[in-house]
Amino acid sequence: MSTAEHIAALQNRISELEQENKRLHETVHFLTRKLFGRSTEKTSALSMGQVSLFDEAETQANPKVPEPELKEVKAYQRRKFAGQRAELLKDIPHDKRLCTLDERDRFCEACSTNLVSIGEEFIRTEVEYIPAKLRVIDYYRETFECRTCRKNGEPYIEKSPMPYPVIQHSMASPSTVAWVMHQKFVNALPLYRQENEWKQLGLNLSRATMANWIIAASRDWLMPIVNLMHKKLLEERYLHADETTVQVLHEKGRSNTTDSYMWVYSTGQYCKHPIRIFEYQPGRSGSYPQEFLKGVKGFLHSDAYSGYKKLPEITRCLCWSHVRRNFVDALPKDINSRDGTLPSQGIRFCNKLFEIEKTLENLTSAERRQERLKQEKPILDAFWSWLNSIKNHVLPKSKIGKAVTYALNQKEELMSYLADGNCVISNNLAENSIRPFTIGRKNWLFSGSPRGAAASAAVYSVIESAKANDLNPYKYLYYIFSELPGVQFEREPEFLEEYLPWSLEVQATCK
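Residues numbered from 1 in each chain as written. Predicted model: local features only at pLDDT ≥ 70, side-chain atom pairs only at ≥ 80, totals over all residues. Heavy atoms only, no water.

A. Structural detail: the overall build of the protein. The helix and strand tally for the protein stands at 18 helices and 8 strands. A total of 511 residues make up the protein; the buried ones form 38% of that total. Across the protein, every contact between residues at least 6 apart in sequence was considered, and the portion connecting residues at least 24 apart equals 64%. Summing over all exposed atoms, the protein offers an accessible surface of approximately 33,000 Å²; the carbon and sulfur share of this is 52%. (Helix = DSSP H or I, 4+ residues; strand = E, 2+ residues; numbered from the N terminus. Buried < 20%, exposed > 50% of the residue type's maximum accessible area, 1.4 Å probe, protein only. Contact = heavy atoms within 4.5 Å. Areas by Shrake-Rupley, 256 points an atom, 1.4 Å probe, with all protein chains shown as cover.)

Shown next, in the form of structure tokens:
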């Protein structure tokens, strides 16, 4: 090798190392931001020409700006917002507490004449916290006898009806089972912490007992409702799907550290009845959604996971939030202003689409489709042209290079939402549904068994469907456990319709 060739090779190697060093710095910054930075992806500052609240102090500071003059403000000049407190407390029961004089003190100190009430004066409103307490209910059944029949030698005895227990041969009540589920699956409070709370209330209730309650009640009363909602979901044309990892212990033939998956399926934003169904599966194979959504024809909103391609008669609509997220992750940290960078330009394109979408929510499907073609199609065309113009000028393995490649590779399915006005621009609906599970997972870490994971899926399905239908999750769980036992829905499946979260009785009772 000649000297010139050797120098060229070294220069080429130096260039490669510089690029690798830049990528490594970018990766370190990205991981640091994921660990310690904000989790929000709000990027309105880049589209509106404003700074974010996070760095507002640094960017808006100006030592030359004088301090404002301070003026004394008297207490009676404090601004009041009429109706603000009443609106805040309107749904809470009110008790009137009248402060009055003792009977012995109702006399005039001047002439000793008895005092007479002449009116009441409102002074203030307080909110009182009433700690939880336990109560044991001992059920007895009364027995009745016909004395006439007994005298005639034909004894007739009748016993009073009894409410069915939520769990056979157990001290569990509808309220206790509903509360254990609410604490774990709504408030993300693991069973070992609940164990301490029950102990403070005077009951030594083990986490094993609570786990048994969850599994038994889910199997007997929640799964029939979830299965019926599954049938309803398969009748819809616009669906969402997402999945996340979960660690499950004691899975046959698998180590405890192997990742399993919790899948969520949801009806679309413009469907008649909101449904959220969770399904536990030991893996991430595309055969799982293929089996769960068997027979569905229409549109599926999801991320770019290739497993969803196994659904033969479904058009995939990919999520623009993922596109924007990739550009957010590519924002550089080492410059004063990010507005002129390539990632910020990509974010502006995405933000503009989302801004237009907000203005179209109240339109009909046909109107929404027409307005998208009119307002969003030109922005999309400009976005693809911009990507093609920069794709050869960015490092393929850099964050911005990956963002560009991701968008270009998924172009067709990112444009699919334009075909139907009932499709939406993102998969946020499914991601928001699965988020409570991911938050809870941080606290309870794993499921103790596949049966426990399946029970958790059933509970999350009922709770998230309740939220989507504007129900109070605890009230809905309590309603199911107190009303459904004893209903012969195995022989008369149509009875279950009355327990779906959008039924009139449930809506009237569980708000």
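B. Structural view of a nonpolar patch on the surface. Together, Ile137, Tyr139 and Met162 line one region of the surface with nonpolar side chains, adding up to about 320 Å² of accessible area. Within the secondary structure, Tyr139 sits in the loop between α4 (84-89) and β1 (143-145). Assessed through its relative accessible area of 56%, Tyr139 is described here as exposed. (Patch = residues over 30% accessible without salt bridge, like charges linked within 9 Å, V, L, I, M, F, W, Y side chains within 5 Å. Salt bridge = Lys/Arg side-chain N within 4 Å of Asp/Glu carboxyl O.)

C. How the structure looks around the pattern of salt bridges. For the structure shown, the criterion picks out 17 salt bridges. In this structure, Lys232 engages Glu497 in a salt bridge whose closest nitrogen and oxygen atoms are separated by 3.1 Å. A residue pair is termed long-range when its members are at least 10 positions apart, and Lys232 in helix α8 (residues 207-234) and Glu497 in the loop between α17 (473-483) and α18 (504-509) qualify at 265 residues. With its nearest N and O atoms 2.6 Å apart, the salt bridge here joins Arg284 to Glu243. Taken as a pair, Arg284 in the loop between β5 (276-281) and α9 (287-292) and Glu243 in strand β3 (residues 238-248) lie far apart in primary sequence, 41 residues in all. By relative accessible area, which is 9% here, Glu243 ends up buried. Shared partners join several salt bridges into a network, and the residues in it are Glu145, Arg147 and Arg150.

D. Structural view of the side chain of Asp242. Of note, Asp242 is situated in strand β3. With no salt bridge to any partner, buried Asp242 finds its closest opposite charge in Arg284, at an N-O distance of 6.6 Å. The contact partners of Asp242, leaving out residues within four places of it in the chain, are Met262, Trp263, Val264, Asp303, Tyr308, Asn427, Ala430, Glu431 and Ile434. (Lys, Arg positive; Asp, Glu negative; His and termini not counted.)

E. Region of the structure containing the packing of aromatic side chains. One pass over the structure, following the stated rule, counts 21 aromatic pairs. The interplanar angle of 40° and the centroid separation of 5.6 Å between the aromatic rings of Phe349 and Trp386 together place this pair among those described as tilted. In this pair, Phe349 is assigned in helix α11 (residues 342-359) and Trp386 in helix α12 (residues 365-390), connecting sequence segments 37 residues apart. Through a chain of ring-to-ring contacts, three or more aromatic side chains come together here, namely Trp320, Phe327, Phe349, Phe383, Trp384 and Trp386. Here the basic side chain of Arg368 rests over the ring of Tyr270, its NZ or CZ set 3.8 Å away from the ring centre. (Phe/Tyr/Trp six-rings, centres within 6.5 Å; stacked < 30°, edge-to-face > 60°. Lys NZ or Arg CZ within 6 Å of the ring centre and 35° of its normal.)

F. Geometry of the environment of Ala216. Looking at where Ala216 falls in the secondary structure, it is placed in helix α8. Residue Ala216 is classed as buried on the basis of its relative accessible area of 11%. For the pair formed by Ala216 and Ala455, sequence separation is 239 residues and the distance between their alpha carbons is 8.3 Å.

G. Looking closely at unusual backbone geometry. The residue Ser112 is not glycine, and still its phi comes out positive at about 70°. Looking at the secondary structure, you find Ser112 in the loop between α4 and β1. Positioned with a positive phi, Ala188 is a non-glycine residue whose angle comes to about 55°. Here Ala188 shows up in the loop between α6 (174-185) and α7 (191-200).

H. Region of interest: helix α16 (residues 450-468). Under the 1.5 Å per step criterion, the end-to-end length of α16 is 27 Å for 19 residues, consistent within 8% with the ideal 27 Å. Of all 19 residues in α16, 14 are buried; the element is thus mostly enclosed. Asp470 occupies a position one or two residues after α16 and carries a positive phi of about 60°. (Expected span 1.5 Å × (residues − 1).)

I. How the structure looks around the pairing of strand β4 (residues 259-267). By the criterion of burial, β4 is predominantly enclosed, with 8 of the 9 residues buried. With 9 bridges connecting them, β3 and β4 associate as antiparallel partners. Of the residues in β4, the one forming a bridge with Thr245 is Tyr261. Note: β4 against β5, 6 bridges, orientation antiparallel. Across the sheet, the residue bridging to Val264 is Phe278, located in β5. (Pairing = 2+ DSSP bridges.)

J. How the structure looks around the packing of α11 against α12. Their axes nearest at 10 Å, the elements α11 and α12 cross at an angle of 170°. Considering their axes alone, α11 and α12 lie roughly antiparallel with respect to each other. Read as a crossing pair, α11 and α12 show a hand that is left-handed. Residues Leu342, Gln345, Gly346, Phe349, Lys352, Leu353, Ile356 and Glu357 of α11 form the contact with α12, whose participating residues are Arg372, Gln375, Glu376, Ile379, Leu380, Ala382, Phe383, Trp386 and Ile390. Taken together, the residues of the contact of α11 with α12 break down into 10 nonpolar, 3 polar and 4 charged. (Axes fitted to C-alpha atoms, helices over the stretch in contact; angles between N-to-C directions. Parallel < 35°, antiparallel > 145°, perpendicular 65-115°, else oblique. Left-handed = near helix turned anticlockwise from the far one by under 90°. Nonpolar A, V, L, I, M, F, W, Y, C, P; charged D, E, K, R; others polar.)

K. Structural detail: the packing of α7 against α8. Relative to each other, α7 and α8 sit at 115°, their axes nearing to 9 Å. Overall, the two elements α7 and α8 adopt an arrangement that is roughly perpendicular. Where α7 crosses over α8, the two elements pack in a sense that is right-handed. In contact with Leu191, Tyr192, Gln194, Glu195 and Trp198 of α7, α8 contributes Arg207, Met210, Ala211 and Ile214. Grouping the constituent residues of the contact of α7 with α8 by class yields 6 nonpolar, 1 polar and 2 charged.

The values are spatial; any link to function lies outside them.
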